[in-house]
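So you can see what is in the structure, the chains are spelled out below.
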Amino acid sequence: MDAKARRSGTSVVPEFLESEAAGGLLLMAAAALAMLVANSPLSHFYHDLLHHPSGLVLTDKIGPMTPHLWINDGLMAIFFLLVGLEIKREFVGGRLASWDQRRLPIIAAAAGMAVPAFLYLLVAGGEAGLENGWAIPAATDIAFAIGVLALLGSRAPTSLKLFLTTVAIVDDMGAVAIIALAYTASIDTLALGIAAGILLVMYVMGKSGVSSLWLYMLGFACLWYAVLLSGVHATIAGVLAAMTVPVVQAGGSGERAKSPLHRLEHAIHPAVAFLIVPLFGFANAGVSLGGIGLDQILAPLPLGIAAGLFVGKQIGIFGAIWLSVRFGLAKKLAGSTWLQIYGVCIICGIGFTMSLFIGALAFPGEPLLIEEAKIGILLGSCLSAVVGFLVLRLAPRLPSEASA
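This write-up is about the structure you can find in this document. Everything numeric here is computed off the predicted structure, so don't read it as measured data.

Examining the overall build of the protein chain
Okay, step 1: Tallying secondary structure elements over the protein chain gives 18 helices and zero strands in all.
Okay, step 2: Relative to the globule expectation of 22 Å for 404 residues, the C-alpha radius of gyration of the protein chain, 21 Å, shows essentially globular dimensions.
Okay, step 3: Counting only C-alpha atoms and orienting by the principal axes, one finds that the protein chain spans roughly 60 × 60 × 40 Å.
Okay, step 4: Restricting the contact set of the protein chain to residue pairs at least 6 apart, pairs at least 24 apart contribute 80%.
Okay, step 5: Carbon and sulfur atoms provide 70% of the accessible area of the protein chain, an area that totals close to 17200 Å².
Okay, step 6: Counting 22 positive and 23 negative side-chain charges, the protein chain places the averaged centre of each group 15 Å from the other.

Structure representation (structure tokens):
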């Protein structure tokens, strides 16, 4: 795509998939580097740097800000802003614009969240203090998953890439709702009221046709701080702010180029894909493997998460697709065999970014449980990536796909 087309703000699927794939590969590299550093003589420096307290206290509930908190509560709010923009774009004029387009991804994503949560509770829910981690294996990491598909080249049909992207977007909606509803311990009503007021002002801006991006970013910053003070996780401000940014769908690419949503999405996407998400992966994936044996891996918490991601995701999503096709609720994905569809369902078990994020929320102040959760996330995600890759690599292709 030439520079003029890139500046147009047009949401082009091949460009999106290409950038997501590159970001996913960089995320893999960042996670691998974190594991290497955490298991090297630099491990103490790694942990001390991430958790070194500063003198700045934004709210008494989280205490002094550290680099780790700035990444997880600050920079990741921009990640959620991008998630919100993508969700709104897809619902207004994209792959989720009509009920016929939404039906299969919503059914598949819902089953792909419910079955892993059920499996987790079946394995780990009986242990005291672990039931709060039920949502950890419910998420799919779109960047990591698209990165794996990129390694397959033409052996991953475009229809599967689009389906995975759509399911992951719906999955993100569910994860945002879970974070807002399930992981908010207490509410400061005054701060929440201020946040609601800021959101109302941003909504009026959007309805009035305000197109200056800096005004929306200023509102986003104020909303983030108010939500942080309220007790609701601050990253939710990103999704809420995105819903107020106006989108223009009518007309040609020239009109879409003026759309604040398209301009903001294209402005922040490179920073999110190539800086924020890899930085989050580096800051959160570092797990020391010293002294970890089979007993630790098979402990209820990591085993429940790994089972949810690797087993629950593929059963839930593939089962939902098969049943939907069987009973006429949806059509089978074009250009794909059932084995290829199954392979992508396995890859949906890569939960990395969102699972790590929810894991930290599920067990606040419990570093040992958070480390166990990371082990389960890494195990389940790696199994899903490797097995899903092998299934798609070895799966026979339809004649039309093989000759493409």
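Digging into the environment of Leu96
Okay, step 1: Counting through the fold element by element, Leu96 comes out in the loop between helix H4 (67–93) and helix H5 (99–124).
Okay, step 2: Sequence-wise, Leu96 and Val170 are 74 residues apart; in three dimensions their C-alpha atoms are separated by 9.1 Å.
Okay, step 3: For Leu96, the contacting residues outside a window of four places in its chain are Glu90, Phe91, Gln101, Arg102, Pro105, Thr166, Ile169 and Val170.

A look at the packing of helix H6 (residues 142–152) against helix H7 (residues 158–182)
Okay, step 1: Their axes nearest at 10 Å, the elements H6 and H7 cross at an angle of 170°. Considering the angle they form, H6 stands roughly antiparallel to H7. On H7, the residues touching Ile142, Ala145, Ile146 and Leu149 of H6 are Lys161, Leu164, Thr165 and Ala168.
Okay, step 2: For the contact of H6 with H7, a count of residues per class yields six nonpolar, one polar and one charged.

Brief notes about the packing of aromatic side chains
Okay, step 1: Tallied over the full model, the rule gives eight aromatic pairs.
Okay, step 2: Here the aromatic rings of Phe144 and Phe352 are separated by 5.4 Å at their centres, their planes lie at 65°, and the arrangement is edge-to-face. In this pair, Phe144 is assigned in helix H6 and Phe352 in helix H16 (residues 352–362), connecting sequence segments 208 residues apart.
Okay, step 3: Relative accessible area serves as the criterion here: at 12%, Phe144 is assigned to the buried category.
Okay, step 4: Phe352 sits in the buried class, given a relative accessible area of 1%.
Okay, step 5: For the pair Phe280 and Phe357, a centre-to-centre distance of 6.2 Å together with 45° between the ring planes defines the contact as tilted. Note that Phe280 is positioned in helix H12 (residues 260–284) and Phe357 in helix H16, a separation of 77 residues in sequence.
Okay, step 6: Take Phe280: its relative accessible area is 0%, and that puts it in the buried class.
Okay, step 7: A connected cluster of aromatic rings, assembled from ring pairs, spans Phe79, Phe80, Phe280 and Phe357.

Description of the pattern of salt bridges
Okay, step 1: Tallying each qualifying case throughout the model produces five salt bridges.
Okay, step 2: A salt bridge links Asp100 to Arg103, with the shortest nitrogen-to-oxygen separation between them at 3.2 Å. One end of the pair is Asp100 and the other is Arg103, both in helix H5 and three residues apart, which spans about a single turn.
Okay, step 3: Put simply, Arg89, Glu90 and Glu265 are held in one network by salt bridges that share partners.

Section: the nonpolar core
Okay, step 1: By size, the foremost hydrophobic cluster in this structure holds 114 residues, and its most contacted members are Phe79, Phe80, Leu149, Phe352 and Phe363.
Okay, step 2: Look past the residues within four positions of Phe79 in its chain and what remains in contact with it is Val272, Ile276, Val277 and Met354.

Details of the environment of Ile341
Okay, step 1: With respect to the helices and strands, Ile341 occurs in helix H15 (residues 338–347).
Okay, step 2: On the basis of relative accessibility, which here comes to 1%, the residue Ile341 falls in the buried class.
Okay, step 3: For the pair Ile341 and Leu392, spaced 51 residues apart in the sequence, the C-alpha separation amounts to 8.6 Å.
Okay, step 4: Look past the residues within four positions of Ile341 in its chain and what remains in contact with it is Leu160, Phe318, Ile321, Lys332, Leu333 and Ser336.

What counts, and where the lines are drawn
- Residues numbered from 1 in each chain as written.
- Predicted model: local features only at pLDDT ≥ 70, side-chain atom pairs only at ≥ 80, totals over all residues.
- Heavy atoms only, no water.
- Helix = DSSP H or I, 4+ residues; strand = E, 2+ residues; numbered from the N terminus.
- Rg over C-alpha atoms; globule rule 2.2 N^0.38 Å.
- Contact = heavy atoms within 4.5 Å.
- Areas by Shrake-Rupley, 256 points an atom, 1.4 Å probe, with all protein chains shown as cover.
- Lys, Arg positive; Asp, Glu negative; His and termini not counted.
- Charge placed at Lys NZ, Arg CZ, Asp CG, Glu CD.
- Axes fitted to C-alpha atoms, helices over the stretch in contact; angles between N-to-C directions.
- Parallel < 35°, antiparallel > 145°, perpendicular 65-115°, else oblique.
- Nonpolar A, V, L, I, M, F, W, Y, C, P; charged D, E, K, R; others polar.
- Phe/Tyr/Trp six-rings, centres within 6.5 Å; stacked < 30°, edge-to-face > 60°.
- Buried < 20%, exposed > 50% of the residue type's maximum accessible area, 1.4 Å probe, protein only.
- Salt bridge = Lys/Arg side-chain N within 4 Å of Asp/Glu carboxyl O.
- Core = buried A, V, L, I, M, F, W, Y, C linked by side-chain atoms within 4.5 Å.

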